[in-house]
Amino acid sequence: MRLKGKVAIITGSASGIGRGIALAMAKEGAHIAIVDVNEQKGKETLAEVNQYTEGSLFIRDISVQENVYEIVAEVTKTFGKLDILVNNAHASRQASFVDTTQDLLDLSFGTGFYPTFHFMQAAYPELKKSRGKVINFASGAGLEGQVTQTSYAAAKEAIRAISRVAANEWGPDGINVNLISPIALTPGVEQWRDSAPDLYDAMIGRIPLRRLGDPEQDIGHVALFLASDDSNYITGQTIMVDGGSIKLR
Ligand SMILES: NC(=O)c1ccc[n+]([C@@H]2O[C@H](COP(=O)([O-])OP(=O)(O)OC[C@H]3O[C@@H](n4cnc5c(N)ncnc54)[C@H](O)[C@@H]3O)[C@@H](O)[C@H]2O)c1
């Protein structure tokens, strides 16, 4: 029970990697505030989380700024504190550089960068009290500049940039700010695998460990480590949880 009594907000935790993190943390005793727009999946994940701990569900669009501040205020009021903030949700659509529109930039920054920034700002006073942990999400698309990922790559690298700034500014407060750059088998990737098996196999062939990560076992457990006291001396880092695909220098 490494997170017994801790209070965590996890965005995008109805499904995919967020759900995996929610389950990994719930099994170690953390209260989980599930934040997502998908009500059906949110309720399913809440039921799973409630098998281990007490969860709560916020069906809210985090691209609306007021929602972000309300969620932090509600969670803090209910539980009297906030220890862990996981900024996981991010929506985007692919397009070539020249076809990337303002709308696509707004979608990626509006669901990824801005909510991450506002959640961090809203949560800071509570995280300072709890000497808490922030876990943000990066991507190989940003680190490598993958084709057709202009809007997504830009938002992801912007998230990395503010995470480093916050790590430097909030280090003296005992707040750790780190990122995970994952590769995982999520429902979206499963759909893509079924529609383009050859491309999927080629992708697996480029991963040194020759498989996609499991949202709970592989990604969730690294998030658990970053949320626990075991990682107290790590901050400002991007942790590659991608089967060895990218080696940061
Ligand atoms: N899956 C991968 O292999 C992979 C690779 C690199 C980076 N990532 C990053 O990891 C994180 C999780 O990825 P995933 O594949 O599990 O994502 P996903 O798309 O499967 O799930 C994201 C969740 O966020 C929710 N969401 C989307 N927009 C929202 C909004 N405006 N308000 C509230 N909730 C919203 C969705 O409903 C969904 O439940 C993301 O930041 C993603 O960019 C994933």
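Residues numbered from 1 in each chain as written. Predicted model: local features only at pLDDT ≥ 70, side-chain atom pairs only at ≥ 80, totals over all residues. Heavy atoms only, no water.

- You'll find the protein chain entered in an unreviewed UniProt entry as SDR family oxidoreductase, with Paenibacillus lutrae given as the organism.
- The Sequence similarities (unreviewed entry) field of the UniProt record for the protein chain holds the comment "Belongs to the short-chain dehydrogenases/reductases (SDR) family." (UniProt positions renumbered as here; feature names shortened; annotations may be inferred.)

Some remarks on the overall build of the protein chain
Link 1 in the chain: In terms of regular secondary structure, the protein chain is built from 9 helices and 7 strands.
Link 2 in the chain: A globule of 249 residues ought to have a C-alpha radius of gyration of about 18 Å, and the protein chain, at 17 Å, matches this closely.
Link 3 in the chain: Taking the principal axes of its C-alpha atoms as reference, the protein chain extends roughly 50 × 35 × 35 Å.
Link 4 in the chain: Counting all 249 residues of the protein chain, 50% fall into the buried class.
Link 5 in the chain: The long-range share in the protein chain, meaning contacts at least 24 apart out of those at least 6 apart in sequence, stands at 70%.
Link 6 in the chain: For the protein chain, the computed accessible surface area is about 11,800 Å², with 51% contributed by carbon and sulfur atoms. (Helix = DSSP H or I, 4+ residues; strand = E, 2+ residues; numbered from the N terminus. Rg over C-alpha atoms; globule rule 2.2 N^0.38 Å. Buried < 20%, exposed > 50% of the residue type's maximum accessible area, 1.4 Å probe, protein only. Contact = heavy atoms within 4.5 Å. Areas by Shrake-Rupley, 256 points an atom, 1.4 Å probe, with all protein chains shown as cover.)

Comments concerning the site of the ligand
Link 1 in the chain: Residues in contact with the ligand amount to 22 residues; listed here are only the nearest, Ile17, Asp36, Asn88, Tyr152 and Lys156.
Link 2 in the chain: In the model, an oxygen atom of the ligand is placed 3.5 Å from a nitrogen or oxygen of the Thr186 side chain.
Link 3 in the chain: With the chains in place, 83% of the 840 Å² that the ligand exposes on its own is no longer accessible.
Link 4 in the chain: Partitioning the shell around the ligand into residue classes produces 10 nonpolar, 8 polar and 4 charged. (Near = heavy atom within 4 Å. Polar contact = N/O pair within 3.5 Å; in protein donor to acceptor, adjacent residues only side chain to side chain. Nonpolar A, V, L, I, M, F, W, Y, C, P; charged D, E, K, R; others polar.)

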